[in-house]
Amino acid sequence: MSDRASHWEKVYTTKAEDEVSWFQENPMTSLRLIQDAGASPDSRIIDIGGGASRLVDALQEQGFRAVTVLDISASALEAAKTRLGAAGAKVEWIVADVTTWTPAKSYDIWHDRAAFHFLTELADRDAYIDRLRSVVGPGGQVIIGTFALDGPEKCSGLPVQRYDSRSLAEVLGPAFELADDRAEAHRTPWGSIQHFQFSRFRRV
Ligand SMILES: C[S@@+](CC[C@H](N)C(=O)[O-])C[C@H]1O[C@@H](n2cnc3c(N)ncnc32)[C@H](O)[C@@H]1O
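Predicted model, so just to flag it, every value in this text is computed and none were measured. (Residues numbered from 1 in each chain as written. Predicted model: local features only at pLDDT ≥ 70, side-chain atom pairs only at ≥ 80, totals over all residues. Heavy atoms only, no water.)

Asker: Help me get a handle on the sheet that holds strand β9 (residues 193-203), residues and values and all.
Answerer: The strand order across the open sheet built from seven strands is β3-β2-β1-β4-β5-β9-β8, with neighbouring strands paired in mixed fashion. Each edge of the open sheet carries a strand with a single partner, namely β3 (92-95) and β8 (176-187). Taking each pair of neighbouring strands and ignoring which way they run, the sheet shows an average axis angle of 15°. Relative to β3, strand β2 (residues 66-71) runs parallel, the two sharing four bridges. What sits directly across from Asp71, in β3, is Val95. Strands in contact with helix α4 (residues 74-84) are β2 and β3; relative to β3, the strand with the most contacts, it is inclined by about 165°. Each of β5 (136-147), β8 and β9 is contacted by helix α6 (residues 165-172), which is oriented at about 45° to β9, the strand it contacts most. (Pairing = 2+ DSSP bridges. Helix = DSSP H or I, 4+ residues; strand = E, 2+ residues; numbered from the N terminus. Axes fitted to C-alpha atoms, helices over the stretch in contact; angles between N-to-C directions. Contact = heavy atoms within 4.5 Å.)

In structure tokens:
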């Protein structure tokens, strides 16, 4: 197992759902942006680095029928799947490092909250963007949430790259046109505030 995978396995096997800073009872900003992306029940939606997030629960409740969750931690996905019960069987679960993943199909909506910002090396960002470009075709939508420029410098003890929508657009390149951006002040389970930025792009 890579160092990266063992880091996340340790997190998800030693901490409860609400003992991690990124826990959200209700992923409202993500849901709003997915709606604004024009999602329909058959849209193929992938949550990159979805971990044990409740986004997949909300998408199931809202009737989305083609949801995939990818994460480097098998334990994180197992926790989400167990929580979902029967609904979990309708979701596609992929255990993979997004930077080395071999995608098997395309997606209409790519969502990532707080995974991309861990890619502080250029080669990893390039690998991520290669996969993004290969699975989201023209007209597809990309939603990426990261720590904002005034957000924390670390998450889960790891350094992160902070962005605003402009710098994120520059990194993604001209194949992705910025369609929307919003700031979110995330309240951690212990009450501190972390500044996030969420950007939505349209694949050109
Ligand atoms: C801060 S957590 C956010 C989890 C989830 N998106 C949420 O909002 O609750 C970051 C997640 O990204 C996953 N992750 C980190 N690096 C990854 C990589 N290279 N490939 C796939 N998943 C990764 C971690 O396992 C973890 O679940």
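On we go.
Asker: Lay out the pattern of salt bridges with the relevant residues and their values.
Answerer: When charged atoms on two side chains of opposite charge get close, those side chains can pair. All chains considered together, the criterion is met by 14 salt bridges. Between Glu170 and Arg166 there is a salt bridge, with the nearest N and O atoms lying 3.2 Å from each other. Remark: Arg166 and Glu170 occur in helix α6; sequence separation between them is four residues, near one turn of the helix. Accessibility assignment for this pair places Glu170 and Arg166 in one class, exposed. Bridged by salt links that share partners, the residues Glu17, Glu25, Arg54, Asp57 and Arg83 form one connected network. (Salt bridge = Lys/Arg side-chain N within 4 Å of Asp/Glu carboxyl O. Buried < 20%, exposed > 50% of the residue type's maximum accessible area, 1.4 Å probe, protein only.)

In short, geometric facts, not functional conclusions.
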